[in-house]
Amino acid sequence: MSFTNMSLIDPDYQYVGLEAFQRVILSQSFWTMAKATVIFVAISVVLQIVLGMILALAIDYGVKKHLYGSVSTRIAVLSAWVIPGIVIGILWKIMLIETNYGIVNYFLVQSGFSVVSFLSDPQMALLSTIAANTWRGTAFSMIMLYAGLQQVPQHLYDAARVDGARALQRFRYVTLPQIKPVVFINLVLITIYTLNTFDMIMSLTGGGPGHATEVLALFMYFEGFNRFNLGQAAAVAVMMLSVNVVMTVIYMRLFIDEEEF
Amino acid sequence: MSTETQIRSIANVLSTYTMATYLVFAVAMVFFLFPVFWVMSMSIRLPGEVLTYPVQLIPQQVTFEPYRQVLQDSSMVTWIFNSLKIAVLEVIGIIVVAVPAAYAFSRFDFRGKKHTLFIILLFQMISPVVIVIPLYNMMAELNLLDTHIGLILLYIGLQVPFSIWLLKSYFDTIPSGLDEAARVDGCNRLQMLIYILLPSMGPGIAVVAIFNFVFSWAEFVMAFTVLGESELYTVSIGLFSFQGQYSTDWRVIAAASVIAMLPLLIMFIGLQRYFVKGLVEGAVKG
């Protein structure tokens, strides 16, 4: 389909070779959206990994030391993950209402800042989608890394301690190398998920203002179903698909490696 | 004792790491629970209390009027019913397909087994968003647009791969000695699967069921594309269309959101132990 000029409203179509790809790549808005997508994916993924790691370490430590709140924190974080994406979008929209009645703006004003237009300013809107996506995705990252931490044998830590390694050194030289495969698998998976985020952005900003939060997944959908350019939509889909497949192949490589341990 | 000395003595008891951990817990609790709390708080307010300044964290007066409005004046009840129907049929379909498949992958050795498993996984990694356009064309040609059965078949197709993987790792944990004992007693393969293995598969099947239930409750792109009429909507699309309609009354939107997420949250919190265990064993150990 990506090699045709197929359209939803016109049943006739011809094969036009790479024209659909050409048109997509030459269009101004594609690059705006590609940029938005890269920013969205990159920042979300980094935040999800870092927050997921901090939480996984804290919960792991908490469970081992029988601290209060380890399991409740785990449940709280995981809960964010089972809430449907559409609801997450609405949840954040309600929090980010752009007058000082919105709760986040209220707190900002209270702490001496001025009201921020979270959803109508292009840059802030992109940041808002990143925040909401991180809220949703950190749980997955945390549970993967937590599972990874469970598999590090305790005696390695004991040995490191005998050798006089401090906590940070133990993390750097024992934990990280041991859970490296899990970290990479996690990285690949959250990149795939984030790249394909659709429902949450749909209800949070609908791609706007302008095209500021129209990541490629939305661009593809709108191109196909609102602007009826199936050929061009399919071209974008093929590009996204290739990123997905490349990520998957990397994932499988890691998966096989890990199985051979 | 002054408060300062009190704090210092507590600090002496707790190590730095413990305190750091509690700090992380506290921040995480606020960050992850606050949005949910806030939406609930919005949904039980009187109209005048939504836009008050200073903002009230907990409403002074509680009303369930927004909930009444959602349940009576909109199609929410129909949507919930649709979602339930689709989710239940999808889960049943997936279990019927995935259990025998996972059994075969776990117990038989055949040529290309590893490759088949990887191809299955490859399909799982492809997101619905990317393939929604060709799927739309296929559904149109099969006359399955605007039907629940079409959507259910799509969901089964999309979710079977992951379910097979998860169930396979469960089958792998059941010792094959059990199979042999059953065979000595004269069971054929099917009887063995139903009477001997299924009972010990309980936790695995539960995880698959929860996972797919949550998936189909939340799924948006496919349902949004395939279902055109509002009586056919699932909760997710219903809520999305609803948001446009009631864009001015945050209380009603908040109430609808609570209705859409609460059943899942309650179910999940009740079953999360299973879920974490299943994911830890299924996803990471492979």
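Everything numeric here is computed off the predicted structure, so don't read it as measured data.

Examining the packing of aromatic side chains
Aromatic ring pairs are defined here through the distance separating the ring centres and the angle between the ring planes. Inspection of every chain in the model, using the stated rule, returns 28 aromatic pairs over all chains. Here the aromatic rings of Tyr61(A) and Tyr17(B) are separated by 6.3 Å at their centres, their planes lie at 70°, and the arrangement is edge-to-face. Residue Tyr61(A) is located in helix 2 (residues 28–64), and its partner Tyr17(B) is located in helix 2 (residues 16–43); the two belong to separate chains. Residue class for Tyr61(A) comes out partly exposed when judged on its relative accessible area of 22%. According to the relative accessible area criterion, Tyr17(B) is partly exposed, its value standing at 45%. Arranged with centres 5.0 Å apart and planes meeting at 55°, the rings of Phe198(A) and Tyr221(A) form a pair that is tilted. With a gap of 23 residues between them, Phe198(A) in the loop between helix 8 (167–195) and helix 9 (199–204) and Tyr221(A) in helix 10 (residues 216–225) connect regions that are remote in the sequence. A relative accessible area of 4% places Tyr221(A) in the buried class. A network of ring pairs unites the aromatic residues Phe198(A), Tyr221(A), Phe225(A), Tyr136(B), Phe220(B), Phe224(B) and Phe240(B) as a single cluster.

Considerations on the interface of chain B and chain A
Every contact between the two is made by 71 residues of chain B and, on the other side, 76 residues of chain A. Here chain B meets chain A over a buried area of about 6,800 Å², counting both sides, of which 81% is carbon and sulfur. Summed over the shared surface of chain B and chain A, the result is zero salt bridges. Taken together, the links from chain B to chain A amount to four residue pairs in polar contact (both at pLDDT 80 or more). Of all the elements in the fold, those that place two or more residues in the side of chain B that touches chain A are helix 2, helix 5 (113–125), helix 6 (128–141), helix 10 (202–218), helix 11 (221–226), helix 12 (235–245) and helix 13 (250–284) of chain B. The greatest single-element share of the side of chain B that touches chain A, amounting to 18 residues, is contributed by helix 13 of chain B. Broken down by class, the residue content of the side of chain B that touches chain A amounts to 56 nonpolar, twelve polar and three charged.

Details of the pattern of salt bridges
Where charged atoms from two side chains of opposite charge come close, those side chains can pair. Taken as a whole and judged by the stated rule, the model has four salt bridges over all chains. Two residues, Lys64(A) and Asp60(A), come together in a salt bridge whose shortest N-O distance is 3.1 Å. Of this pair, Lys64(A) and Asp60(A) are both found in helix 2, four residues apart, which corresponds to roughly one turn of the helix. Looking at Asp60(A), the relative accessible area reads 9%, which means it is buried. For the salt bridge of Glu65(B) with Arg68(B), the shortest nitrogen-to-oxygen distance reads 3.1 Å. Of this pair, Glu65(B) and Arg68(B) are both found in helix 3 (residues 65–73), three residues apart, which corresponds to roughly one turn of the helix.

Section: the side chain of Ser79(A)
Looking at where Ser79(A) falls in the secondary structure, it is placed in helix 3 (residues 70–82). Only 2.7 Å separates the side chain of Ser79(A) from the backbone oxygen of Ile75(A), close enough to count as a polar contact. Once residues lying within four places of it in the same chain are set aside, the contact partners of Ser79(A) are Leu265(B), Phe268(B) and Ile269(B).

So, how was this worked out
- Residues numbered from 1 in each chain as written.
- Chains lettered and ligands numbered in written order.
- Predicted model: local features only at pLDDT ≥ 70, side-chain atom pairs only at ≥ 80, totals over all residues.
- Heavy atoms only, no water.
- Phe/Tyr/Trp six-rings, centres within 6.5 Å; stacked < 30°, edge-to-face > 60°.
- Helix = DSSP H or I, 4+ residues; strand = E, 2+ residues; numbered from the N terminus.
- Buried < 20%, exposed > 50% of the residue type's maximum accessible area, 1.4 Å probe, protein only.
- Contact = heavy atoms within 4.5 Å.
- Buried area = accessible area lost by both parts, 1.4 Å probe.
- Salt bridge = Lys/Arg side-chain N within 4 Å of Asp/Glu carboxyl O.
- Polar contact = N/O pair within 3.5 Å; in protein donor to acceptor, adjacent residues only side chain to side chain.
- Nonpolar A, V, L, I, M, F, W, Y, C, P; charged D, E, K, R; others polar.

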